Amino acid sequence: MDSITLKGKLIISGAVCVKTGLHIGGASTGLEIGGIDNIVVRNPVDDHPYIPGSSLKGKMRSLMERRLGLSLNRYVRRGKPEVRIHECDDATQYAECNVCKVFGVAGEKEFATPTRLFVRDVALSDEDVERLAVLDTELPYTEVKWEAAIDRITSAAVPRQFERVPAGVAFKPMQLVFNFYEGDDLRLLRRVFEAMELVQDDYLGGMGSRGYGEIAFEKLTLTLKTGNYYEDPQTSPAQDIREGISLKELREEEKAILGEIERALGGD
Ligand SMILES: [Zn+2]
């Protein structure tokens, strides 16, 4: 790829609302914290739990790979649990691949165009930091839940403690940034909306089969910044395509939204 022009960016902002306890595992240091070995990821600066952009993006990607039935040909991790993803090997595959263009390929691939989607880390909302700080829980801002793992052979129950972010809190501001480069990128943006709905109907983080990790994207605002905006924001201001809508509303209006973006980018 010799040259490629950025036509604009769509910033999808909003909140990730936690409907059932959320466990996104922190780095396993081998150290037990308060006797709990399954801790959640926290910002080391303020100790607040957060949602890593990579966790949200990775979940969107894997659900989209499964939805499209792509072959999982690359190992992210071997051993337990084994993690495999799909990744295109050549230009022909890549040209047709919705997943690799949106979510990226590892390393420098000469056939690859820039990754369309970035997902930023999402902080615990200021309101919930205040609300949770006054609770007397074992660890700040979270709850600890016992889960019994049943040994499949001996039927012995092995209790384990899981730290989780309680239901009812919100992480915000969430920010997904979609970059437009080529004519068919609107089709790829539609896949982002689709992947968001797949995550809502699946789960985020661990222990989903035990009911953890139901989330909802709420108060979504779509802001379009064209190439001209970056050059001169006074004459080509950023446009709010939609403000404060639910994902359901977004999907219902998807065709109209894509049409509006297409016209705005085309006039650039
Ligand atoms: Zn691919």
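Here goes a summary of the coordinates provided. (Residues numbered from 1 in each chain as written. Predicted model: local features only at pLDDT ≥ 70, side-chain atom pairs only at ≥ 80, totals over all residues. Heavy atoms only, no water.)

## Comments concerning the overall build of the protein
Under the convention used in this document: Helix and strand definitions here come from DSSP, where helices need a minimum of 4 consecutive H or I residues and strands a minimum of 2 consecutive E residues; each element is numbered from the N-terminal end. Only heavy atoms enter the contact rule, under which two residues are in contact if any of them lie within 4.5 Å. Accessibility throughout is a Shrake-Rupley quantity obtained with a 1.4 Å probe, and a residue counts as covered only by protein chains that appear here.
Each helix and strand in the protein was counted, giving 8 helices and 11 strands. Projected onto its principal axes, the C-alpha positions of the protein cover 65 × 45 × 35 Å. Here the contacts in the protein between residues at least 6 apart in sequence split such that 66% fall between residues at least 24 apart. Approximately 14200 Å² of the protein is accessible, and the part contributed by carbon and sulfur atoms is 49%.

## Digging into the layout of surface pockets
Threshold: Grid spacing is 1 Å over the protein atoms alone, the probe is 1.4 Å, and a cavity is where that probe fits but cannot get out, while a pocket is an open set with protein on both sides within 12 Å along at least five of seven lines and lining residues have an atom within 4 Å of a point. Grid points are joined across faces, edges and corners, and a volume is the space filled by probe spheres set on the points. Note on residue categories: nonpolar means Ala, Val, Leu, Ile, Met, Phe, Trp, Tyr, Cys or Pro, charged means Asp, Glu, Lys or Arg, and polar means any other residue, Gly included.
Approximately 1200 Å³ is the volume attributed to the largest pocket. As for the largest pocket, its lining consists of 32 residues, and the residues nearest its centre are Gly-58, Val-76, Arg-77, Pro-81 and Val-83. Those elements that place two or more of their residues in the lining of the largest pocket are helix H1 (53-68), strand S3 (74-77) and strand S4 (83-85). The element best represented in the lining of the largest pocket is H1, accounting for 9 residues. Of the residues contributing to the lining of the largest pocket, the split by class is 11 nonpolar, 10 polar and 11 charged. Here the second largest pocket is characterised by a volume of approximately 160 Å³.

## So, the coordination of the zinc ion
Quick note on the threshold: Atoms are scored as donors when they are N, O or S and lie within 2.8 Å of the metal, with 3.2 Å used for Na, K and Ca; no water is included, so coordination may look incomplete. By the criteria applied here, four donors are tetrahedral when all angles lie between 85 and 135 degrees, four are square planar and six octahedral when opposite donors are over 155 degrees apart and every other angle lies between 65 and 115, and any other arrangement is irregular.
For the zinc ion, the full set of protein donor atoms is His-86 (NE2), Cys-88 (SG), Cys-97 (SG) and Cys-100 (SG), at a range of 2.1 to 2.4 Å. Considering all 4 donor atoms around the zinc ion, the spread of angles at the metal, 104 to 114°, places the coordination shape in the tetrahedral class. Mapping the donors of the zinc ion onto the primary sequence yields the spacing H-x1-C-x8-C-x2-C. In this pair, Cys-88 sits in the loop between S4 and helix H2 (91-96) while Cys-100 sits in helix H3 (residues 98-103), placing the two residues 12 residues apart along the sequence.

## Describing the pairing of S3
What counts, and what does not: Criterion used throughout: strands pair if DSSP finds at least two bridges between them.
Sheet analysis places S3 next to S4, joined by 3 bridges and oriented antiparallel. Opposite Arg-74, over in S4, you have Ile-85 as the bridge partner. What sits between S3 and S4 in their antiparallel hairpin is a turn of 5 residues, with Gly-79 showing a positive phi close to 85°.

## A closer look at the sheet that holds strand S11 (residues 239-245)
Hydrogen bonding along the main chain pairs the strands of a sheet, whether they run parallel or antiparallel. Stated precisely, the cut-off is as follows: Between N-to-C directions, angles span 0 to 180 degrees; the directions come from axes that are lines fitted to C-alpha atoms, helices contributing only their stretch in contact.
The 5 strands lie next to each other as S5-S9-S1-S10-S11, forming an open sheet whose pairing is antiparallel. Because the sheet does not close on itself, it has two edges, and the strands there are strand S5 (117-119) and S11. Put simply, the sheet's adjacent strands are angled 15° from each other on average, direction ignored. Pairing of strand S10 (residues 215-226) with S11 involves 4 bridges; the strand directions are antiparallel. Paired with Leu-224 across the two strands is Gln-239, which belongs to S11. Lying on the sheet, helix H5 (residues 185-200) is in contact with strand S1 (8-18), S5, strand S9 (170-180) and S10; it crosses S9 at an angle near 155°.

## Quick notes on empty space enclosed by the protein
Under the definition given, this model contains 1 cavity of 30 Å³ or more. Along the walls of the largest cavity sit Leu-22, His-23, Ile-24, Val-40, Val-41, Pro-49, Tyr-50, Val-165 and Phe-171, which together make up its complete lining.

## Quick word on the packing of aromatic side chains
Where we set the bar: Centres within 6.5 Å are what make two rings of Phe, Tyr or Trp a pair, Trp counting through its six-membered ring; a difference in plane orientation under 30 degrees is then read as stacked, over 60 as edge-to-face, and the rest as tilted. Remark: exposure states derive from per-residue accessible area (1.4 Å probe, protein chains only) relative to the maximum for the residue type, with buried under 20%, exposed over 50%, and partly exposed in between.
Going through the model one piece at a time under the given rule, you end up with 4 aromatic pairs. Ring plane angle 55° and centroid distance 5.4 Å describe the contact between Tyr-94 and Phe-111, whose orientation is recorded as tilted. Of the two residues, Tyr-94 sits in helix H2 while Phe-111 sits in the loop between H3 and S5, which places them 17 residues apart along the sequence. Overall, the relative accessible area of 12% leaves Phe-111 in the buried class. Between the aromatic rings of Phe-162 and Tyr-212, the centroid separation amounts to 6.5 Å while the plane-to-plane angle is 80°, which identifies the pairing as edge-to-face.

## A word on the nonpolar core
Let me state the cut-off plainly: Buried Ala, Val, Leu, Ile, Met, Phe, Trp, Tyr and Cys residues form a nonpolar core when they are joined through side-chain atoms within 4.5 Å.
Counting residues in hydrophobic clusters, the biggest one holds 59 residues, and the most contacted among them are Leu-10, Ile-12 and Met-196. Apart from the residues within four sequence positions on either side, Ile-12 is in contact with Met-174, Gln-175, Leu-176, Leu-189, Val-192, Phe-193, Met-196, Leu-220, Thr-221 and Leu-222.

## Some remarks on the packing of H1 against H5
Under the convention used in this document: Here the word oblique covers every angle except those under 35 degrees (roughly parallel), over 145 (roughly antiparallel) and from 65 to 115 (roughly perpendicular).
Here H1 crosses H5 at 100°, and the two axes come no closer than 9 Å. Classed by the angle they form, the pair H1 and H5 counts as roughly perpendicular. When H1 is examined against H5, the residues Leu-56, Lys-59, Met-60, Leu-63, Met-64, Arg-67 and Leu-68 are found in contact with a partner set consisting of Arg-191, Val-192, Glu-194, Ala-195, Met-196, Leu-198 and Val-199. Of the residues in the contact of H1 with H5, the class split is 10 nonpolar, no polar and 4 charged.

## Details of the pairing of strand S7 (residues 143-150)
Sheet analysis places S7 next to strand S8 (residues 157-164), joined by 8 bridges and oriented antiparallel. Along S8, the bridge assignment pairs Ala-148 with Pro-159. Turn length for the S7-S8 hairpin, with the two strands adjacent in sequence and antiparallel, is 6 residues, and the turn residue Ser-155 shows positive phi of about 65°.

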